[in-house]
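Observations on the model geometry
If you want the building blocks of each chain, they are given just below.
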Amino acid sequence: MRTLYTNGTVVTMDPRLPQAEALVLEDNTIIGVGNGEDMARIAGSSSRTVDMQRGTLFPGFNETHNHLSMYALCNQHAYLGACTTISELLAAIRQHYSGSEPEIYIGYSYDDTKLADGRQITRHDLDQIRSDVPVVVYHISAHLGFLNSKALDFFHIHGDTPSPAGGKIHKDQEGLPTGRLDELAWFNLVEKFPAPDPTLYQGLLEKAIADFNCQGITGVHDAGLGIEGAPQMVLNSYQNLAANRQLNVRTFLSALPQVFAELAPEPLLEFGDEMVKLGGVKLFIDGSIQAQTAALLAPYRGSEEWRGELVMTEEEFAAELLRYHRQGHHISSHGNGDAAIEAIITATEEAQQECPRLDARHMLIHCQMAHSSHLRRMKKIGMIPSFFGMHVHNWGDRHRDLFLGPERAERLDPAGEAEQIGLPFTLHVDTPVLRPQVLPSIETAITRKTSGGDLLGSEQRTTQYGAIAAYTSTAALCSHSERFRGTLTVGKLADMVLLDRDISSCAPERIAEARVLQTISDGRLVFEG
C-alpha cells in the first residue's frame, strides 16, 4: 500500500535534499521524497493520500536517554512534581491512594528545592500518611529515596545498618535512620519492590509508550534495564508487543551490569529494522547535581569541602568499562559532575588505546559539567554526549544560586560548544525525571532560558538545526541505526512526526508551542492530535 503525504513541507534532515513538498511510503518504507507532481506520479492513482494541512513533516523524534520501562511503573504511583510544601506532598500521596490498600505506598518526582519548608522530608513526615504501611518516595533525580518508619523496618534498615559502598543511609544525631537513602543504598532497595502482574505491566507499558508517541517520539533508548527491579518482565513485555505489532516505539535497551550478564546479548553491530533490541550496557559512576551526589572537581556552592563522591573507584570503573569495550559492546556511562566526566573519558581513552574500536560510539549520559577539554577529547575518541538540556530551564536558576554558582552554571550542558567544534551530541529529558517532552527541550537548547526567564550561558546556545538533529539524524548514530532512520530519505523506515509548523525556521521561542498533529511509527499512525 502506497501513501502520499502532500500539502505541507517535508524537512528531511538530510543535507542532500533538506526540504521537499511531498513524500511517498510503500508500507513502512520511504520510496519517494521531492516535489508534489513527481511524488503524485510515484504514489499512483490507487494510493492513500494524507493531507498535511500545511504542517511540516520531520523524522520521528528519538529520545536517547530515558527510563520508559520505569516510567510505566511510576504512572501507577503518586505524582509529586507539583508539590511546593511538605503538607501538599503528604496530601498528594493520601489522595492518590484514597480508597485503595496497596502493599506499599509510592510517590515519585519529589523535588525538595521547590519546597517552601526549606528542608528534606523525613521518616517522621511520611509516618503521618500511614504508620502501619510502608511509604516510599522517589526524589526527582531518582538517585535518592525517602522511607517512613514502617518501610525502614520492612527493608531491614536500622541504626546499626551500615551504608553500602557507593551509597549512604542518612542517620540523625541519635544514630537512627532519617529515612533518606542515597545512590546504591537506594538503588539496591528499588529492585526489592514488589513487581506488578506481567499482564498489568504490559498494559502500563503500552500507556507509557502512548505518552511518548503524543510528543512525536518514535524511538527511545530505555536505559538501565533492571533499575525498575523486574528486567525479565520488562523485556518480555517489549518482545510481546513487538511480536504482535503493537510496539509503537523503536526501542534500544541498555542494561545494568548484573542484568546484562544474565541476559548475555550479542555485541551491537547495527540496530536495523527491529522494533526492540537489547544492545548495550549502562554504567554509573556518580549521582545527581541537585541531590548533591554528583562528583565535582571543586566543592558545591556554599560548602568548603563537599564535592560529592564517585560510586566506585576510578580503577574499578575503568576495569569494568574495558571489559565491555573489549567484548565489543555499546556502553552508556552516566556522568553529571566534572570529576565523573573526567573519569569516564579517561577510562574510555585507555580502553581505546588498549583495544581500538574507532566506531564504538560509546555515550556519555547527561554530561552536564563537561569542560572544553572534555568535549575535544570526546570528539577525538568518538564518544557521543547526550545532554540533559532541560536542566537549564527546570533547574538552571537553582544550579546557579544553590548548587554550582554562576560560572559553572553558565556552562551547564554545553551543547553549543559541542556543535561549534563538530562533536555530535543528543538531548534527552531522562523520563521519569521529567515527563516525556521534546519540543521544550529543543527550544531550551536554542534559547537557554531558565524557568525564571534568565539567559543562562548564551555561548552554549545551539542552532535550530543542531537541536533538531539531536533528536533525529544525530540520535540515530547512537544506536548504529542511521542506515534505517534519522532522516526522511528514500529507503529508510517511516518513523515520522507531523507538526503544525516548521520548527527549523520559526521563531525559537515559539517551538515549544508547536502541536504534534500525527506520529507515524514503522509506517503506522500511532497518534493523531
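Look above for the structure.
A quick note: this is a predicted structure, and the numbers were derived from the prediction, not measured.

Points about unusual backbone geometry
A negative phi angle is the norm for most residues apart from glycine, just as the trans form is the norm for most peptide bonds. For the peptide bond that leads from Thr431 to Pro432, omega is 15°, which places it in the cis range. The phi dihedral of Arg54 is positive, around 65°, even though this residue is not glycine. Tracing the backbone through its elements, the reader meets Arg54 in the loop between strand S6 (48-51) and strand S7 (56-59). Judged by relative accessible area, which is 71%, Arg54 ranks as exposed. Of note in the backbone geometry, His156 takes a positive phi value of approximately 60° without being a glycine. In this structure, His156 sits in the loop between helix H5 (149-154) and strand S13 (167-171).

A closer look at the environment of Phe155
With respect to the helices, strands and loops of the structure, Phe155 is situated in the loop between H5 and S13. Phe155 sits 21 residues away from Pro134 along the chain, and the two C-alpha atoms are 9.3 Å apart. Here Phe155 is in contact with Ile104, Leu147, Leu189, Lys192 and Phe193, once residues within four sequence places are set aside.

Section: the sheet that holds strand S5 (residues 29-34)
Here 4 strands make up an open sheet; going across it, the order is S5-S4-S1-S6 and the pairing mixed. Taken across any chain shown, the strands that pair with only one partner, and hence form the sheet edges, are S5 and S6. On average, each strand axis in the sheet is tilted by 20° relative to the strand beside it, whichever way the strands run. Two elements, strand S1 (residues 2-6) and S6, share 4 bridges in a ladder whose sense is parallel.

Details of the pairing of strand S17 (residues 276-284)
Counting buried positions along S17 gives 8 out of 9 residues, so the element sits mostly inside the fold. Of the pairings in the sheet, the one linking strand S16 (residues 250-255) to S17 comprises 5 bridges and is parallel in character. Across the sheet, residue Ser254 finds its bridge partner in S17, namely Gly280. In this structure, S17 lies alongside strand S18 (residues 330-335), joined through 5 bridges in parallel fashion. When the sheet's bridge partners are listed, Lys282 is paired in S18 with Ser332. After leaving S17, the chain enters helix H10 (residues 314-326) and then returns to the sheet as S18, a path that is right-handed.

Structural notes on the packing of aromatic side chains
Applying the stated criterion across every chain, the model contains 15 aromatic pairs. Measuring from centroid to centroid gives 5.3 Å for Tyr110 and Phe146, while their planes differ by 85°, and the two rings are edge-to-face. Of the two residues, Tyr110 sits in strand S10 (residues 105-110) while Phe146 sits in strand S12 (residues 144-147), which places them 36 residues apart along the sequence. This pair shows no difference in class: Tyr110 is buried, exactly as Phe146 is.

So, how was this worked out
- Residues numbered from 1 in each chain as written.
- Predicted model: local features only at pLDDT ≥ 70, side-chain atom pairs only at ≥ 80, totals over all residues.
- Heavy atoms only, no water.
- Helix = DSSP H or I, 4+ residues; strand = E, 2+ residues; numbered from the N terminus.
- Buried < 20%, exposed > 50% of the residue type's maximum accessible area, 1.4 Å probe, protein only.
- Contact = heavy atoms within 4.5 Å.
- Pairing = 2+ DSSP bridges.
- Axes fitted to C-alpha atoms, helices over the stretch in contact; angles between N-to-C directions.
- Right-handed = clockwise from strand over helix to strand, strands pointing away.
- Phe/Tyr/Trp six-rings, centres within 6.5 Å; stacked < 30°, edge-to-face > 60°.

Geometric values such as these leave the question of function open.
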